[in-house]
Amino acid sequence: MVTRRTIEGAILGIGGLAAAAGIGTVLRRRRLRSFTKTTDARPDALLGAPPFDYRIVPVVTDDGAELHVRVYGDPDAPPMVFSHGWTCSADYWIPQINAFAENYQVIVYDQRGHGRSDVGTRPLGPDVLADDLADILAATVSEDNKTVLVGHSMGGMSIMAWAGRYPEQVDKLVSAVLLASTATDSLVRETTVIPLPQNFPRLPVPLGRRVLGSAVPLRPSTVTRHAIKYISMAPGSTQAEVAFCEKIVLECKPRTRGIWGAALSSLDIHEALENMRVPTSVLVGTADRLTPPVHARKLARALEAHDHLSKLIELPGIGHMSSVESIDDFNAEVVRLRSL
């Protein structure tokens, strides 16, 4: 059962330290397991601060932007690279760091303008996502030790944009891909965030673009918490899961949220799927309002047409923050792909 003490600990770091200690104890006992499950640790422990050391890998882009890249685990272990979504940061992957860093090399980074990464001077768009990911892969993985590449939401778009721009790198550096809660196009047209009357089935695109491009500051409040849960999570998500995501989203600079939201509102990278020449799984929650299952099914059909689809996974009752709301199911697919 999720308690108030657990929730407050996740936010304030009090319970998080105890949870991290709990994770460490479990990992010492279960070193041979491929990943730590939520049932192996205290309630919500995987949402707490990771007990692992990390190293910073310096990455500077061609326009001088410094990207924040962290690597956890043994540098000789099989690598996993995680790319986060819009308004989040590398900390979004804390549940995966806690689950995998004992047995794998876990590589996370802040997308440009998010977290501790510079926004740079280039106009933002899919080419920037692609180039930044290419720089990060060049600095962290090699052809001799290929990575599983995992992207959530805008992170999935980063992977697809990279495959479209650097097709020659796909099977050289990557062994498999997981595209989670993401899409290639029609983000505004297909959203179900704003409920509309039956005879008005589509959100007007200009209105949707204004909403995505908004830079209105968000402040901690009950209203904000409920809004974040409604927009990005399922009704059944726990208080601890909502608190975890709320903290990360509120740390995103309003300007970053606005300029990237505007850039994504007209995104169209569907042609890049032809270049996903490694086993690629698509994962979505059935309660995802931001990137509803219609996107995942369209992705899966396109990948299957090119003979690149490994698996389509629809998680019942899970919202957009799939790697937080359904940690074990999400991580199990990462490990399955890692084993291919």
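All figures in this text were calculated on a predicted structure; none of them were measured in a lab.

**Describing helix α10 (residues 239-250)**
Okay, step 1: With 12 residues, α10 extends 16 Å between its outermost C-alpha atoms, agreeing within 8% with the 16 Å of an ideal straight helix rising 1.5 Å per residue.
Okay, step 2: With nine of 12 residues buried, α10 lies mostly within the body of the structure.
Okay, step 3: Restricting attention to buried positions, one finds in α10 the residues Ala 240, Glu 241, Val 242, Ala 243, Phe 244, Cys 245, Glu 246, Ile 248 and Val 249.

**Some points on helix α14 (residues 327-338)**
The periodicity of an α-helix, 3.6 residues per turn, causes residues three or four positions apart to be oriented the same way.
Okay, step 1: Along its 12 residues, α14 runs 16 Å from first to last C-alpha, staying within 8% of the 16 Å computed at 1.5 Å per residue.
Okay, step 2: Looking only at α14, the buried set comprises Ile 327, Phe 330, Asn 331, Glu 333, Val 334, Val 335, Leu 337 and Arg 338.

**Looking at the nonpolar core**
Okay, step 1: With 46 residues, the main nonpolar core has Leu 137, Leu 149, Trp 162, Val 177 and Met 276 as its most contacted residues.
Okay, step 2: Apart from the residues within four sequence positions on either side, Leu 149 is in contact with Val 81, Leu 133, Leu 137, Ile 159, Trp 162, Val 174, Ala 176, Val 177 and Leu 178.
Okay, step 3: Ranked by size, the runner-up nonpolar core spans 43 residues in total, among them Tyr 72, Phe 100, Leu 178 and Ile 248.

**Overview of the sheet that holds strand β7 (residues 147-152)**
Okay, step 1: The eight strands are arranged β1-β4-β6-β5-β7-β8-β9-β10 in an open sheet whose pairing can be described as mixed. Unpaired on one side and paired on the other, β1 (54-56) and β10 (309-315) mark the two borders of the sheet. Averaged over all pairs of adjacent strands, the angle between their axes in this sheet comes to 20°, without regard to strand direction.
Okay, step 2: Sheet topology note: the strand β9 (residues 280-285)/β10 ladder contains six bridges and is parallel. Paired with Val 282 across the two strands is Leu 312, which belongs to β10.
Okay, step 3: The sheet strands contacting α14 are β5 (79-83), β7, β8 (174-180), β9 and β10, and the helix crosses β8 at an angle near 160°.

**So, the pattern of salt bridges**
Okay, step 1: The full count for this structure, using the stated rule, is 12 salt bridges.
Okay, step 2: Put simply, Arg 70 and Asp 91 hold a salt bridge, and the shortest N to O gap is 2.9 Å. Note that Arg 70 is positioned in strand β4 (residues 69-72) and Asp 91 in the loop between β5 and α3 (94-100), a separation of 21 residues in sequence.
Okay, step 3: Of the residues examined, Asp 91 reaches a relative accessible area of 25% and is grouped as partly exposed.
Okay, step 4: For the salt bridge of Arg 165 with Asp 131, the shortest nitrogen-to-oxygen distance reads 2.6 Å. Highlighted residues: Arg 165 in helix α5 (residues 154-165) and Asp 131 in helix α4 (residues 126-140), separated in sequence by 34 residues.
Okay, step 5: When its relative accessible area of 38% is taken as the criterion, Arg 165 is described as partly exposed.
Okay, step 6: Where salt bridges share partners, they join Asp 62, Arg 122, Asp 127, Asp 131 and Arg 165 into one cluster.

**Some points on the side chain of Arg 70**
Okay, step 1: Residue Arg 70 is classed as buried on the basis of its relative accessible area of 3%.
Okay, step 2: A distance of 3.2 Å separates the side chain of Arg 70 from the side chain of His 68, its partner in a polar contact.
Okay, step 3: A distance of 3.0 Å separates a polar atom in the side chain of Arg 70 from a polar atom in the side chain of Tyr 72.
Okay, step 4: Those residues in contact with Arg 70 that sit more than four places away from it in its chain are Tyr 54, Arg 55, Ile 56, Ala 90, Asp 91, Val 106, Ile 107, Val 108 and Arg 116.

**Details of unusual backbone geometry**
Okay, step 1: Its identity is not glycine, yet Thr 87 carries a phi of approximately 70°, on the positive side.
Okay, step 2: With respect to the secondary-structure elements, Thr 87 resides in the loop between β5 and α3.
Okay, step 3: Positioned with a positive phi, Ser 153 is a non-glycine residue whose angle comes to about 55°.
Okay, step 4: Structurally, the position occupied by Ser 153 is in the loop between β7 and α5.
Okay, step 5: The class of Ser 153 is buried, set by a relative accessible area of 10%.

**Details of the environment of Thr 291**
Okay, step 1: Relative to the helices and strands, Thr 291 is located in the loop between β9 and α12 (293-305).
Okay, step 2: Separated by 138 residues in the primary sequence, Thr 291 and Ser 153 have C-alpha atoms spaced 7.8 Å apart.
Okay, step 3: At 3.1 Å, the side chain of Thr 291 and the backbone oxygen of Ser 181 are in polar contact.
Okay, step 4: Within the structure, Thr 291 has its side chain in polar contact with the side chain of Asp 288 (distance 2.8 Å).

**Regarding the packing of helix α9 (residues 222-232) against α10**
Okay, step 1: Look at α9 against α10: their axes get within 10 Å of each other, and the N-to-C directions meet at 105°. Put simply, α9 runs roughly perpendicular to α10. Contact with α9, carried on its side by Thr 224, Arg 225, Ile 228 and Lys 229, involves Val 242, Glu 246, Val 249 and Leu 250 of α10 and no other residues of that element.
Okay, step 2: Grouping the constituent residues of the contact of α9 with α10 by class yields four nonpolar, one polar and three charged.

**Considering the packing of aromatic side chains**
Okay, step 1: Throughout the structure, instances matching the rule amount to seven aromatic pairs.
Okay, step 2: Plain terms: the ring middles of Phe 82 and Trp 93 are 5.0 Å apart, the flat faces sit at 45° to each other, and that makes the pair tilted. Here Phe 82, found in strand β5, pairs with Trp 93, found in the loop between β5 and α3; they are 11 residues apart in sequence, far enough to count as distant.
Okay, step 3: Owing to a relative accessible area of 0%, Trp 93 belongs among the buried residues under this scheme.
Okay, step 4: Here the aromatic rings of Phe 82 and Phe 100 are separated by 6.3 Å at their centres, their planes lie at 20°, and the arrangement is stacked. On the criterion of sequence distance, the pair formed by Phe 82 in strand β5 and Phe 100 in helix α3 is long-range, its members being 18 residues apart. Considered together, Phe 82 and Phe 100 belong to a single accessibility category, that of buried residues.
Okay, step 5: Chaining the aromatic ring pairs together yields one cluster made of Phe 35, Phe 82, Tyr 92, Trp 93, Phe 100, Tyr 104 and Phe 330.
Okay, step 6: Across the ring face of Tyr 54, the terminal group of Arg 70 is positioned such that the distance to the ring centre comes to 5.4 Å.

Reading the values: the criteria
- Residues numbered from 1 in each chain as written.
- Predicted model: local features only at pLDDT ≥ 70, side-chain atom pairs only at ≥ 80, totals over all residues.
- Heavy atoms only, no water.
- Helix = DSSP H or I, 4+ residues; strand = E, 2+ residues; numbered from the N terminus.
- Expected span 1.5 Å × (residues − 1).
- Buried < 20%, exposed > 50% of the residue type's maximum accessible area, 1.4 Å probe, protein only.
- Core = buried A, V, L, I, M, F, W, Y, C linked by side-chain atoms within 4.5 Å.
- Contact = heavy atoms within 4.5 Å.
- Pairing = 2+ DSSP bridges.
- Axes fitted to C-alpha atoms, helices over the stretch in contact; angles between N-to-C directions.
- Salt bridge = Lys/Arg side-chain N within 4 Å of Asp/Glu carboxyl O.
- Polar contact = N/O pair within 3.5 Å; in protein donor to acceptor, adjacent residues only side chain to side chain.
- Parallel < 35°, antiparallel > 145°, perpendicular 65-115°, else oblique.
- Nonpolar A, V, L, I, M, F, W, Y, C, P; charged D, E, K, R; others polar.
- Phe/Tyr/Trp six-rings, centres within 6.5 Å; stacked < 30°, edge-to-face > 60°.
- Lys NZ or Arg CZ within 6 Å of the ring centre and 35° of its normal.

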